[in-house]
Amino acid sequence: MHIKLRYYPFTLVLIAAIWVLCLMPIPETPLSNVSMIDKWTHLVMYGETFSIMWLEWARHNSKQGIRLTDKFFKARTMLLGWLAPVLMSGLIELLQAYCTGGRRSGEWLDFAANSIGVTLALFIGLVITQIKR
């Protein structure tokens, strides 16, 4: 199983942005006082990034006649398209907790928001791949 990264240019840029934003210190803003703003930010950040991944997947694979409903591609794609981002999210939260010298903190609720965003993107991906038929 190998992935051709050249088919995912926007996704790769957004993943790099997630890594940078999640590991750099974030300054205080007027929105810092909004309840749960950080969690909503995580949910949207992961949801949009991996929705774009599904768009790029559908764009490439629709040319080959592959649909997400094909059994072989469904299992493999679900694994890569859902589990890998969730694991990346967990790794980032661990790095925030243990490797940023207290400038960032890893939180379980951030991980949950990231996972919800990835899960919503998966459902969006299912819809996208059915439309792209």
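Parameters at a glance
- Residues numbered from 1 in each chain as written.
- Predicted model: local features only at pLDDT ≥ 70, side-chain atom pairs only at ≥ 80, totals over all residues.
- Heavy atoms only, no water.
- pLDDT = per-residue confidence, 0-100.
- Helix = DSSP H or I, 4+ residues; strand = E, 2+ residues; numbered from the N terminus.
- Phe/Tyr/Trp six-rings, centres within 6.5 Å; stacked < 30°, edge-to-face > 60°.
- Salt bridge = Lys/Arg side-chain N within 4 Å of Asp/Glu carboxyl O.
- Core = buried A, V, L, I, M, F, W, Y, C linked by side-chain atoms within 4.5 Å.
- Buried < 20%, exposed > 50% of the residue type's maximum accessible area, 1.4 Å probe, protein only.
- Expected span 1.5 Å × (residues − 1).
- Arc of directions from axis to C-beta.

Undergrad: Describe the confidence of the model for the chain, naming the residues involved and giving the relevant values.
TA: Per-residue pLDDT for the chain has a mean of 86; in total, 88% of the residues score no lower than 70. Helix H1 (residues 9–23) holds the highest mean pLDDT among the elements of the chain, 95, whereas helix H3 (residues 71–99) holds the lowest, 86.

Undergrad: An account of the environment of tryptophan 40 is requested, with residue identities and associated values reported.
TA: Residue position: tryptophan 40 is located in helix H2 (residues 37–63). C-alpha of tryptophan 40 to C-alpha of alanine 113: the two residues are 73 residues apart in sequence and 7.2 Å apart in space.

Undergrad: Before we move on, can you summarise the packing of aromatic side chains with the specific residues and values?
TA: Summed over all chains, the structure comprises three aromatic pairs. Ring geometry for tryptophan 54 and tryptophan 57: centres 6.1 Å apart, planes at 70°, overall edge-to-face. Residue tryptophan 54 and its partner tryptophan 57 are located together in helix H2, separated by three residues, close to a single helical turn. Look at tryptophan 108 and phenylalanine 111: their rings are 6.1 Å apart centre to centre, the planes differ by 85°, and that puts the pair in the edge-to-face class.

Undergrad: Go over the pattern of salt bridges, please, and point to the residues and values.
TA: Scanning the model with the defined rule gives three salt bridges in all. What you see here is one network of salt bridges that share partners, running through Asp38, Lys39, Glu107 and Asp110.

Undergrad: Now, about the nonpolar core: what can you tell me, with residues and values included?
TA: Counting residues in each nonpolar core, the largest one holds 20 residues, and the members touching the most others are Ile18, Tyr46, Phe50, Trp54, Met88 and Ile92. Mapped onto this core, the elements with two or more residues apiece are H1, H2, H3 and helix H4 (108–131). In terms of residues, this core owes the most to one element, H2, which gives seven residues.

Undergrad: Can you lay out H1 for me, pointing to particular residues and giving the numbers?
TA: Between its terminal C-alpha atoms H1 stretches 22 Å, which fits the 21 Å expected from 15 residues at 1.5 Å a residue. Taken as a whole, H1 has its buried residues at Thr11, Ile15, Ile18 and Cys22. End-on, the buried residues of H1 take up no more than an arc of 55°, which puts them together on one face. Along H1, the residues that are exposed and aim more than 90 degrees away from the buried face are Phe10, Val13 and Val20.

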